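# Observations on the model geometry
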2 protein chains.
Amino acid sequence: MAAGEGEIEALVAMMARLPGLGPRSARRAVLHLLRRREVLMAPLAELMGRIAATARDCTRCGNLATGELCTICADPARATGELCVVEQVSDLWAMERAGAFRGRYHVLGGTLSALDALGPEELGIPRMVARLGAEGISEVILALDATVEGQTTAHYIAGLLAGAGVTVSSLAQGVPVGGELDYLDEGTILAALRARHRV
Amino acid sequence: MAAGEGEIEALVAMMARLPGLGPRSARRAVLHLLRRREVLMAPLAELMGRIAATARDCTRCGNLATGELCTICADPARATGELCVVEQVSDLWAMERAGAFRGRYHVLGGTLSALDALGPEELGIPRMVARLGAEGISEVILALDATVEGQTTAHYIAGLLAGAGVTVSSLAQGVPVGGELDYLDEGTILAALRARHRV
């Protein structure tokens, strides 16, 4: 190792905790940074520090924000009466990349899990229900993962909102665009078959 | 995206430039950091900034250092008369992890390449030759990659040191420990066969 080897090893260990990186790739990444100390490492550290210091959770929807509200909640043009419920901020980003939804979000931060002691309160579900009247929501779109956990949570929310006077919908399941049947699991093919439509 | 979305996107773009990360995994890594702002993101930024500000190249061997000399060059116990020539700091780390070499290093920072305008001067080879007398080196161990570029550079250095009164050696080639013949390339098997020894 090098001089300052303790610090460099500590940096490697921290980087190795990031998803997609292990000890070996973290070491390669740190060496890459060390070779580009002025043009990459220092600016990256500065930007990361600034974001860490200013980022917070939107008090309304749970999205990342720099102030009280995130840009989506603060944007009056997005008060469309549609609320999209997602598990994670990454899912919100994925929805935004698709560019098809113009309403607002509610980020649960996870799925119902007895094991992890995540109940409706921890996921901010009462807070979400309170938003329905306050923001004049007419449709709640459940954009949760097509996993057992995601669908269990979706089922719970749908049950909770039955009779609340809002439409509750869910993302369609089917063959992904560009998907090859040969590589799809049976569950997806079954879902796509059940949801088939006339052409 | 979130509030401060421009900055977060900039961070994702920077992280995506690290080896082993692409746009998608960089986004996952940044979200992971954002969820652990106080316990991971802020300390990581702080440590990275400190290292970027203090790390420099050892003026003698090219290893990473915090002062004029790296810990290895500054350690009198490592003046063993053996000098190990490596391409990159990562190779030096790999040698140190193996723990079998107790001498000092010379980091070339690359291999001879007309394409990249890397000649002997750029790789610090004259500086390495000057060290031989100054540090009383009796053996130069060429620990360069077993690639065409690495071996071309090794061949050049070996030629340069012929008649310089030092032993020049090179890492052995053969079957890696735990290696399965079935998965090895023909070149390695051929090299291992040629270097076979009685048991």
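Note that the structure is predicted; figures quoted are calculated from it, not measured. (Residues numbered from 1 in each chain as written. Chains lettered and ligands numbered in written order. Predicted model: local features only at pLDDT ≥ 70, side-chain atom pairs only at ≥ 80, totals over all residues. Heavy atoms only, no water.)

### Thoughts on the pattern of salt bridges
Scanning the model with the defined rule gives 16 salt bridges over all chains in all. Between Glu46 of chain B and Arg50 of chain B there is a salt bridge whose closest N-O contact spans 2.8 Å. Of this pair, Glu46 of chain B and Arg50 of chain B both sit in helix α3 (residues 37–54), four residues apart, roughly one helical turn. Accessibility expressed as a relative area gives 33% for Arg50 of chain B, which makes it partly exposed. One salt bridge in this structure joins Arg131 of chain B and Glu135 of chain B, with 2.6 Å as the shortest N-O distance. Given a relative accessible area of 5%, Arg131 of chain B falls into the buried group. Through salt bridges with shared partners, a single ionic network connects Arg60, Arg104, Arg131 and Glu135 of chain A. (Salt bridge = Lys/Arg side-chain N within 4 Å of Asp/Glu carboxyl O. Helix = DSSP H or I, 4+ residues; strand = E, 2+ residues; numbered from the N terminus. Buried < 20%, exposed > 50% of the residue type's maximum accessible area, 1.4 Å probe, protein only.)

### A short note on the sheet that holds strand β4 (residues 104–107) of chain A
Residues and elements named next belong to chain A. Sheet architecture is open: four strands sit in the order β4-β3-β5-β6, paired in parallel fashion. What marks the edges here is a single partner per strand, and that holds for β4 and β6 (167–170). When the angles between neighbouring strand axes are averaged without regard to direction, this sheet yields 25°. With four bridges connecting them, strand β3 (residues 82–86) and β4 associate as parallel partners. In the sheet register, Val85 faces β4, and the bridge partner there is His106. Contacting β3 and β4, helix α5 (residues 89–98) runs over the sheet at an angle of about 155° to β4. Sitting on the sheet, helix α7 (residues 148–161) touches β3, β5 (139–142) and β6, and the angle it makes with β5 is about 165°. (Pairing = 2+ DSSP bridges. Axes fitted to C-alpha atoms, helices over the stretch in contact; angles between N-to-C directions. Contact = heavy atoms within 4.5 Å.)

### Focus: helix α7 (residues 148–161) of chain B
The periodicity of an α-helix, 3.6 residues per turn, causes residues three or four places apart in sequence to face the same way. Residue and element names in this part refer to chain B. For α7, which comprises 14 residues, the first-to-last C-alpha distance of 20 Å matches the rise-based estimate of 20 Å (1.5 Å per residue) to within 8%. The complete set of buried residues in α7 reads Gly150, Thr153, Ala154, Ile157 and Leu161. End-on view of α7: buried residues confined to an arc of 100°, all on one side of the axis. Exposed side of α7, more than 90 degrees from the buried face: Val148 and His155 are the residues found there. Elements in contact with the buried residues of α7: β3 (82–86), α6 (125–134), β5 (139–142) and β6 (167–170). Looking one or two residues beyond α7, the residue adopting positive phi is Gly163, at roughly 85°. (Expected span 1.5 Å × (residues − 1). Arc of directions from axis to C-beta.)

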